[in-house]
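# A closer look at the structure
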Amino acid sequence: RALAPQAIIIATADDDAHEQELIREGAQIVIRPFDLAGLHVIEELNSVLTTTATSAFPGVTETLARRWTWSEQEALLRKSQND
């Protein structure tokens, strides 16, 4: 801070507690790489499953080839971290 008060501090955290600690210490942006990777995997799986379901069963809509919402993805990630 003393060298560059205008600098934006970006940090990485492994979990909620670490993220909160970094924010308290002055980080403006905290990235959680494992969570981002998990969300990316879920998006890819949604894409593959939707494509597979719609090509295997003509007429199946995206509603039937269910897509996870962001809140469901976050809940699954938090559950897997607690297990």
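Up top is the structure.
Position numbers for residues start from 1 in each chain and track the written sequence from start to end. Selection of residues for local features in this predicted model requires a pLDDT of at least 70, selection of side-chain atom pairs for listing and counting requires 80 or more, and totals for whole chains, interfaces and linings are taken over all residues. No hydrogens and no water enter the side-chain calculation; it runs on all heavy atoms of the structure.

Working definition: helices are DSSP H or I runs of at least four residues, strands are E runs of at least two. Numbering for both runs from the N terminus. Scanning the protein from N- to C-terminus turns up 3 helices and 2 strands. Listing the helices and strands of the protein from first to last along the sequence gives β-α-β-α-α. Buried means the residue's accessible area, taken with a 1.4 Å probe over protein chains only, is under 20% of the maximum for its type, while exposed means over 50%, and partly exposed covers the values in between. Burial analysis of the protein (83 residues in total) assigns 19% to the buried set. Contacts are assigned to residue pairs with any non-hydrogen atoms lying within 4.5 Å of each other. Of the contacts formed within the protein by residues at least 6 apart in sequence, a portion of 25% connects residues at least 24 apart. About 6,400 Å² of surface is accessible on the protein, with carbon and sulfur atoms providing 62% of the total. Working definition of accessibility: Shrake-Rupley area with a 1.4 Å probe, residue cover restricted to the visible protein chains.

A few words on a nonpolar patch on the surface. Candidate patch residues must exceed 30% relative accessible area and have no salt bridge, after which like charges are joined if within 9 Å and Val, Leu, Ile, Met, Phe, Trp or Tyr side chains if within 5 Å. Should a side-chain nitrogen of Lys or Arg be within 4 Å of a carboxyl oxygen of Asp or Glu, the pair is scored as a salt bridge. Residues Ile8, Ile10, Ile29, Ile31 and Leu36 make up a contiguous nonpolar surface patch of about 460 Å² in total accessible area. Topologically, Ile31 is positioned in strand 2 (residues 29–31).

Inspection of the secondary structure puts Asp14 in the loop between strand 1 (10–12) and helix 1 (16–24). By relative accessible area, Asp14 is classed as partly exposed at 48%. Remark: the alpha-carbon pair of Asp14 and Pro33, spanning 19 residues in sequence, is separated by 7.4 Å.

Any link to function would need more than the numbers given here.
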